[in-house]
Amino acid sequence: KSGEFVDALKEELAKNKLTDQVNIVKTGCFGLCAQGPIVIIYPEGVFYHQVQPKHAKKIVSDHLVKGKLVEKLLYHDNDSKEIINKLMDTPFYHKQKRVALRNCGRIDPEKIEEYIAFNGYQALAKVVNEYSRDEVLETLKASGLRGRGGAGFPTFMKWSFAKASISDQKYVICNADEGDPGAFMDRSVLEGDPHAVIEAMAIAGYTIGASQGYIYVRAEYPIAVNRLKIAIKQAREQGVLGNHIFGSDFSFDLDLRLGAGAFVCGEETALLESIEGHRGEPRPRPPFPAVKGLFGKPTIVNNVETLANISQIILKGPEWFASFGSEKSKGTKVFALGGKIQNTGLVEIPMGTTLREIVEDIGGGIPNGKRFKAAQTGGPSGGCISQVNYDVPIDYENLKEIGSMMGSGGLIVMDEDNCMVDIAKFFLEFTVEESCGKCVPCRVGTKRLLELLEKITMGNGTLEDLDKMEELCHHIQENSLCGLGQTAPNPVLSTLRYFKDEYVAHIEERR
Ligand code: SF4
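All values derive from a computational prediction rather than experimental measurement.

J.: Describe in detail the overall build of the protein chain, supporting the description with residues and values.
T.: Along the protein chain, the regular secondary structure elements total 22 helices and 13 strands. In terms of overall dimensions, the protein chain is globule-like: its C-alpha atoms have a radius of gyration of 24 Å, near the 24 Å expected for 511 residues. Each principal axis of the C-alpha distribution contributes one length, and for the protein chain these read about 75 × 60 × 40 Å. For the protein chain, buried positions account for 57% of its 511 residues.

J.: Pulling in residues and values, what's your account of the sheet that holds strand β6 (residues 212–218)?
T.: One key point about sheets: their strands pair by backbone hydrogen bonds, in either a parallel or an antiparallel sense. With parallel pairing, the 4 strands of this open sheet are ordered in space as β7-β6-β5-β8. The sheet is open, and its two borders are formed by β7 (253–259) and β8 (299–303), each paired with just one other strand. Within this sheet the neighbouring strands show an average axis-to-axis angle of 20°, counted without direction. Here strand β5 (residues 171–176) pairs with β6 via 6 bridges, running parallel. Looking at β6, one finds that I173 is bridged to Y214. Sheet strands in contact with helix α10 (residues 222–237) are β6 and β7, and its direction is about 170° off that of β7.

J.: Hey, could you go over the site of the ligand for me, with residue numbers and the actual values?
T.: Close to the ligand lie 13 residues; C436, K438, C439, C442 and C482 are nearest. Looking at the shell around the ligand residue by residue, the class counts come to 8 nonpolar, 4 polar and 1 charged.

J.: I'd love a proper account of helix α11 (residues 268–275), names of residues and values included.
T.: Among the 8 residues that make up α11, 7 are buried, leaving the element largely enclosed by the rest of the structure. Every buried residue belonging to α11 is among E268, T269, A270, L271, L272, E273 and I275, and all of these are buried. Of the surrounding secondary structure, the elements contacted by the buried residues of α11 are α7 (155–164), β5, β6, β7 and β8. Positive phi shows up at G277, right after α11, with a value of about 95°.

J.: Describe the pattern of salt bridges, naming the residues involved and giving the relevant values.
T.: Enumeration over the complete set of coordinates arrives at 34 salt bridges. Between R356 and D391 there is a salt bridge, with its nearest N and O atoms 2.7 Å apart. Highlighted residues: R356 in helix α14 (residues 355–362) and D391 in the loop between β12 (383–386) and α15 (396–401), separated in sequence by 35 residues. When its relative accessible area of 31% is taken as the criterion, R356 is described as partly exposed. Here the salt bridges do not stand alone but share partners, grouping K158, E267, E268 and R285 into one network.

J.: I'd love a proper account of the nonpolar core, names of residues and values included.
T.: One broad trend across soluble globular proteins is that nonpolar side chains are buried collectively. Counting 67 residues, the largest nonpolar core has L124, W159, V197, M201, I203, I215 and F252 as its most contacted members. Ranked by the residues each element gives to this core, the list is headed by helix α9 (residues 194–208), at 10 residues. Apart from residues lying up to four places away in sequence, I203 is in contact with A123, L124, V127, V136, W159, I310 and I314. Counting residues in hydrophobic clusters, the runner-up holds 32 residues, among them I349, V359, Y390 and V413.

J.: Quick one: what's the story with the pairing of strand β10 (residues 345–350), residue by residue and with numbers?
T.: With 5 of 6 residues buried, β10 lies mostly within the body of the structure. Where strand β9 (residues 332–339) and β10 come together, 6 bridges link them in antiparallel fashion. Bridge pairing in β10 places L337 opposite G345. Remark: 5 residues form the turn of the hairpin made by β9 and β10, two consecutive strands paired antiparallel.

J.: Outline the sheet that holds β12, listing residues and values.
T.: The strand order across the open sheet formed by 5 strands is β10-β9-β13-β11-β12, and the pairing between neighbours is mixed. Lying at the two open borders of the sheet, with one neighbouring strand each, are β10 and β12. Strand-to-strand twist across the sheet, computed as the mean angle between neighbouring axes with direction ignored, equals 30°.

J.: Can you explain the packing of aromatic side chains? Please cite residues and give values.
T.: Each aromatic ring pair is summarised here by two numbers: the centre-to-centre distance and the angle between the ring planes. Within the structure shown, the criterion is met by 12 aromatic pairs. Ring plane angle 20° and centroid distance 6.1 Å describe the contact between F250 and F252, whose orientation is recorded as stacked. Judged on exposure class, the residue F250 and its partner F252 are both buried. An aromatic cluster is built from Y171, Y214 and F295, whose rings are joined through pairwise contacts. The positively charged end of K333 is found above the aromatic ring belonging to F335, 5.6 Å away from the centroid.

J.: Got a sec to walk through the packing of helix α18 (residues 445–457) against helix α22 (residues 500–509)? Specific residues and values, please.
T.: Contact geometry for α18 and α22: axes closest at 8 Å, N-to-C directions at 60°. One finds that α18 runs oblique with respect to α22. Residue-level contacts link L453, I456 and T457 of α18 to Y503, H506 and I507 of α22.

Here is what the cut-offs are and how they apply
Residues numbered from 1 in each chain as written. Predicted model: local features only at pLDDT ≥ 70, side-chain atom pairs only at ≥ 80, totals over all residues. Heavy atoms only, no water. Helix = DSSP H or I, 4+ residues; strand = E, 2+ residues; numbered from the N terminus. Rg over C-alpha atoms; globule rule 2.2 N^0.38 Å. Buried < 20%, exposed > 50% of the residue type's maximum accessible area, 1.4 Å probe, protein only. Pairing = 2+ DSSP bridges. Axes fitted to C-alpha atoms, helices over the stretch in contact; angles between N-to-C directions. Contact = heavy atoms within 4.5 Å. Near = heavy atom within 4 Å. Nonpolar A, V, L, I, M, F, W, Y, C, P; charged D, E, K, R; others polar. Salt bridge = Lys/Arg side-chain N within 4 Å of Asp/Glu carboxyl O. Core = buried A, V, L, I, M, F, W, Y, C linked by side-chain atoms within 4.5 Å. Phe/Tyr/Trp six-rings, centres within 6.5 Å; stacked < 30°, edge-to-face > 60°. Lys NZ or Arg CZ within 6 Å of the ring centre and 35° of its normal. Parallel < 35°, antiparallel > 145°, perpendicular 65-115°, else oblique.

Listed below in structure tokens is the structure:
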């Protein structure tokens, strides 16, 4: 859609002989997907929303030629009934804090000069010229940054283990194999700000003593792949990748590896197998990748969003980063907000924001006057947050406590019309499909669990089946080899915990 609008805009500019005077910049995602495509006209910064190719003519003739705003394309706030001209003034952004997404929608991701103009590669220069490796680790430790890919492992610790491992070769890997249904956080960062990831990987390489990195990205993300290729080429040309970076002894280079879309390849050891050219199946741990990873060498695997925070921590200081968030979960978290919500899109919130704030203040509430019922975080690995926990501050610890998990950041909102048993079934079908089959508890256990769920939804279940399901869930959690199997029962367990009445209703309806 955006591409068609750009084509129409170019045509109108040509007709009005404005091609030399107006520069069209294709950015990454602004976040407010529900109002897209969005166009912002500079220098005034006025934005138009839900633009279509047919609107290009009016934008050029009225705004660019006559200096008049195109009223019908301006954003009207539903609550205040006012027109809001600046994108960041819309309520959608009021409670957000953009750290990982800072440049998305702001710079041309295909121009390294624009990244540099917003302090890009300054953190790498600072680290290489002024920091010892231990000082980088101390900075990360003080920031409290934890992995944004799911489990929330402290980033400094992962890097410390790899630094401490003695080897002639080490690797830095960016895990961009985003596979959760409804999640598009990594894609947006890579499409909107690829240099942020490259810079952070170089900082990681300096810190652990690695000279080679790989970005493992889904082949289904062609724009991200293309922009990464451009960014890597530009980074090499500018000398921020390659030999003697900033005149130092430090050398680091990067390559892309494309994933074929298997969900399990987002598990870090399966990802390593895939890069090595093997079938993507998880490895038993220990040894952990930081000790024995890619090709048997010490390796760190970091998620896209984790990396996108690194340069800001170096430049603005760990105290600045730690000033957002809750006691044990510092900084911000990006969520892909979808489902029954007005403002679907990409949001970045300080840790500790409540689900109510996300749904009502940022998300604009539930459409059609319906009531909030639950939200699923963490995709197929996560669980449902019910109305009971609507005001619980979202962070790693609290989500675990209430039976969900942060996961990589999918957040799907459900209203009163959603059947929670169907939701659990949907996610379980996904994990059954994506299980690599290497271990029995996951390969067989999730199938048996799905059969029980199907029996219930078809009206043939019994109350004893609920006990069997719960027992099977614990067995799968405790005995599966990797995170995919260990977390697969979460949607079933959390819906059983908060919505058992809906399971019982399915069972009793048949009587
Ligand atoms: Fe494969 Fe599932 Fe076992 Fe993980 S838990 S190794 S995905 S079968």
